Each structure stands twice: as structure tokens, then as C-alpha cells.
Amino acid sequence: MIFGPDRGELDDDAVAAAYPWPDAGPWVRAMMVTTLDGAPAGPDGLSGSISGDADRGVFDAVRRHADAVLVGAGTIRAEGYGAQTAKPADAAARAAQGQRPATVPAIVSPSLDLPWDSELFTGSDEVPIVLTVADPPADALARARAARADVRRAEGDDVPARWILDTLVAEGLRRVVCEGGPRLLESMTRAGLVDEADITVSPAFAGLAHVNATDGLDEIRTFDLVHVLTADGFLMGRYVRP
Ligand SMILES: NC(=O)c1ccc[n+]([C@@H]2O[C@H](COP(=O)([O-])OP(=O)(O)OC[C@H]3O[C@@H](n4cnc5c(N)ncnc54)[C@H](OP(=O)(O)O)[C@@H]3O)[C@@H](O)[C@H]2O)c1
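Rules behind the numbers
Residues numbered from 1 in each chain as written. Predicted model: local features only at pLDDT ≥ 70, side-chain atom pairs only at ≥ 80, totals over all residues. Heavy atoms only, no water. Near = heavy atom within 4 Å. Polar contact = N/O pair within 3.5 Å; in protein donor to acceptor, adjacent residues only side chain to side chain. Areas by Shrake-Rupley, 256 points an atom, 1.4 Å probe, with all protein chains shown as cover. Helix = DSSP H or I, 4+ residues; strand = E, 2+ residues; numbered from the N terminus. Nonpolar A, V, L, I, M, F, W, Y, C, P; charged D, E, K, R; others polar. Core = buried A, V, L, I, M, F, W, Y, C linked by side-chain atoms within 4.5 Å. Buried < 20%, exposed > 50% of the residue type's maximum accessible area, 1.4 Å probe, protein only. Domains from an automatic or database assignment. Contact = heavy atoms within 4.5 Å. Salt bridge = Lys/Arg side-chain N within 4 Å of Asp/Glu carboxyl O. Phe/Tyr/Trp six-rings, centres within 6.5 Å; stacked < 30°, edge-to-face > 60°. Lys NZ or Arg CZ within 6 Å of the ring centre and 35° of its normal. Pairing = 2+ DSSP bridges.

Visitor: So what exactly am I meant to see when it comes to the site of the ligand here?
Guide: Every one of the 27 residues lining the ligand counts as a neighbour, but Val 33, Pro 40, Thr 75, Glu 79 and Ser 109 are closest to it. Here an oxygen atom of the ligand and a backbone polar atom of Arg 183 are 2.9 Å apart. Bound to the protein, the ligand loses 88% of the 910 Å² it would expose on its own. Counting only elements with at least two residues in the shell around the ligand, the list comes to β1 (27–34), α3 (73–79) and α8 (182–190). With six residues, the top contributor of residues to the shell around the ligand is α3. Looking at the shell around the ligand residue by residue, the classes come out as twelve nonpolar, eleven polar and four charged.

Right, here's the structure in full:
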């Protein structure tokens with residue numbers, strides 16, 4: 001840690017402790033990695049190619065005591081998410097805090113065009129929650145209902161950020177890690193629901209030609225810097241909403 005309350009070398013447990021969750025209330029933590037030129041993925045369209053061991057270490061630490069991992073469908077389709085399973089080392093701490101043994105995958109997808117046979121759906125310990133619109137394509141809905149998924153439909157043609165969070169909190173999932181992508185993160189930010197942004201700056205340029213356009217925000221949203229970790233040339237910043 002080169003800036004923040006606990007400067008010096010940190011082991012894995014100290015890294016996890018540097019990302020505390022509040023005792024009460026929902027808390028949405030956004031996790032993203034960006035290049036020096038602001039790209040969320042490398043030229044291959046994957047965030048893994050701009051990430052590294054240090055970034056992945058923080059990513060894993062932040063998930064350890066989360067309740068839900070919230071992800072947009074574009075990221076699931078691009079990245080091929082794996083199963084979310086319980087980690088024996090964290091079992092006692094999670095049980096003591098009244099948490100489920102494993103994080104619950106939560107996926108936002110109006111189209112329901114998702115890889116239903118992938119490990120994320122078939123192999124996660126908890127049944128994934130899929131958040132969609134009131135009237136998704138009928139064939140896609142039929143496939144979703146046949147899959148291992150808990151499909152929740154919003155009331156209208158969109159999937160409002162507030163409804164997403166309310167749905168998770170109603171399931172007792174109040175510690176939410178939002179792992180993007182940019183479109184989902186933007187809608188959560190627009191609704192004022194991102195409490196914390198854990199952003200890694202990768203020491204690389206990737207170009208922006210392959211980046212999907214989003215709707216954009218009407219105004220900037222600023223955050224306060226809490227700490228900066230560094231390793232291997234990466235900067236891992238923890239920012240919280242003022
Ligand atoms: N740098 C990083 O840390 C990081 C993290 C995650 C992803 N990425 C990269 O980002 C790229 C994907 O970007 P993206 O912006 O397309 O990802 P995304 O936000 O994961 O996915 C967009 C899709 O998710 C659904 N969606 C998300 N938010 C929604 C909302 N508020 N309302 C309704 N539907 C919503 C829609 O699904 P349907 O299409 O199913 O209707 C939409 O097409 C990939 O290249 C990925 O590798 C980078």
C-alpha cells in the first residue's frame with residue numbers, strides 16, 4: 001500500500017481486510033481494470049489480457065466476503081465466466097457473518113442470450129439469478145426456464161438498476177460486487193447505486209477501437225480515494241462515494 005491507512009507490504013489476508021464491507025445496508029462495490037488509455041479490455045476483447053497477478057489478487061480478495069457477483073450479459077458472453085464455488089478457507093468467516101458458503105452469480109440480460117450450459121450455470125454452488133425485462137423473447141425465455149437459473153422479470157422494457165439491487169437485497173444479498181461490464185456499471189452509477197469503485201490501472205495502452213459504446217452519463221460522478229496498492233506496475237485504487 002503506497003497511499004492509505006496501512007502503508008507497507010500486505011499479505012493476502014491484509015489485502016482482503018483493506019476492502020471491508022459495512023455491517024448494515026446494501027453496499028455495491030464496482031470492480032474494473034482499465035488501461036492507461038481507458039480501455040476495459042485488450043485488443044482481443046478480454047479484460048484478462050490487460051490484467052495481471054496483482055489485479056487478480058485484489059479481485060479474488062474482494063470476492064471472498066461478498067454475497068453476490070453482479071455481471072452484465074455482454075461480459076458473460078465475452079469472458080466465459082466460470083463456476084462460483086465455496087472456498088474452504090473462508091467457510092467459517094462466511095458462516096459467522098450469516099453468509100451463504102458461496103457467492104450468488106447475478107446476471108443482467110434483457111435478451112436472455114446466455115451460455116446456459118456453461119460452468120457458471122451448471123457448476124456454481126448457488127443457483128444463478130438472471131435479471132431480465134418483463135417480456136423477453138419467448139424462445140430465449142423457454143431456454144432460460146429449462147436451465148439452472150432463477151429468472152426474475154422486471155415490470156417494463158428495461159432492467160432498472162434500482163430494481164436489480166432491490167431484488168438482490170430481498171434475497172439477503174446486500175454485499176454486491178459488480179464486475180461490469182461498462183454498460184452495467186454505467187447504469188448502476190447513473191442510478192447513484194455504486195458505493196465503492198475498486199479500479200485497477202494497468203500499465204498498458206490497448207486502443208479503444210474494440211470498446212462497446214455506452215449511453216454515457218449526463219454529469220460526472222466523483223469518488224474519494226481511500227487507498228492505492230501497487231505491484232508489478234499496476235495501481236489498485238479503492239474509491240468510495242463521498
Ligand atoms: N475491464 C474490466 O474490468 C471489465 C469488466 C467486465 C467486462 N469487461 C469487458 O467489457 C466488454 C463488455 O462490455 P459491455 O458494456 O457490453 O458489458 P456488459 O455491461 O457486461 O453487458 C452489456 C449487456 O448486458 C445487459 N445489460 C447490462 N446492463 C444493462 C442494463 N442496465 N439494462 C439492461 N441490460 C443491461 C444487456 O444484455 P443483453 O445483450 O443480454 O440484452 C447488454 O447488452 C467485454 O469486452 C469485456 O471483456 C471489462
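What follows continues from the structure just given.
Visitor: For this particular structure, what's the right way to read the nonpolar core?
Guide: Nonpolar side chains in soluble globular proteins tend to be buried together. Grouped together as the largest cluster of nonpolar side chains are 24 residues, with contacts concentrated most on Leu 70, Val 108, Leu 131, Ile 164, Leu 168, Leu 184 and Met 188. Breaking this core down by element, the ones donating at least two residues are β1, β2 (68–72), β3 (104–108), β4 (129–132), α7 (161–170), β6 (175–178) and α8. Sorting elements by how many residues they give to this core places α7 first, with four residues. Both domains that meet at this core, namely domain 1 (1–64 + 192–242) and domain 2 (68–173), each give it at least three residues. Dropping the residues within four chain positions of it, Leu 168 is found in contact with Ala 68, Leu 70, Ala 106, Ile 129, Leu 173 and Val 176. In terms of nonpolar packing, the next biggest core, distinct from the first, is built from 18 residues, Trp 27, Ala 66, Phe 234 and Met 236 among them.

Visitor: Teacher, can you tell me more about the pattern of salt bridges here?
Guide: Side chains carrying opposite charge are able to pair once their charged atoms draw close together. Enumeration according to the criterion identifies 15 salt bridges in this entry. In this structure, Arg 152 engages Glu 171 in a salt bridge whose closest nitrogen and oxygen atoms are separated by 2.9 Å. Here Arg 152, found in strand β5 (residues 150–153), pairs with Glu 171, found in the loop between α7 and β6; they are 19 residues apart in sequence, far enough to count as distant. You can call Arg 152 partly exposed: its relative accessible area is 22%. A relative accessible area of 32% means that Glu 171 is categorised as partly exposed. For the salt bridge of Glu 196 with Arg 238, the shortest nitrogen-to-oxygen distance reads 2.9 Å. Here Arg 238 lies in strand β9 (residues 234–240) and Glu 196 lies in strand β7 (residues 196–201), a separation of 42 residues in the sequence. Exposure class is identical for Glu 196 and Arg 238. Each is buried.

Visitor: Which parts of the structure should I look at to understand the side chain of Glu 196?
Guide: With relative accessibility at 0%, the residue Glu 196 sits in the buried group. Polar side-chain contacts of Glu 196 include one of 2.9 Å to the side chain of Arg 238. Apart from the residues lying within four places of it in its own chain, the contact partners of Glu 196 are Tyr 19, Pro 20, Trp 27, Val 28, Arg 29, Ala 30, Phe 223, Arg 238, Tyr 239 and Val 240.

Visitor: So what exactly am I meant to see when it comes to the packing of aromatic side chains here?
Guide: Given two aromatic rings, their pairing is described by the distance between the two centres and the angle made by the two planes. Applying the stated criterion across every chain, the model contains one aromatic pair. When the ring of Trp 116 is compared with that of Phe 121, the centres are 4.8 Å apart and the planes differ by 50°; the resulting orientation is tilted. Note on accessibility: Trp 116 and Phe 121 belong to one class, buried. Sitting over the face of the ring of Trp 21, Arg 29 holds its NZ or CZ atom 3.9 Å from the ring centroid.

Visitor: For this particular structure, what's the right way to read the pairing of β2?
Guide: A regular strand carries its side chains on alternate faces of the sheet. Taken across its five residues, β2 has five buried, putting it largely inside the fold. Side chains Ala 68, Leu 70 and Gly 72 of β2 all project onto a buried face; the interleaved residues Val 69 and Val 71 project onto the opposite face, where all are buried too. Sheet topology places β2 next to β3; five bridges connect them, and they run parallel. By the bridge assignment for β3, Gly 72 is matched with Val 108.

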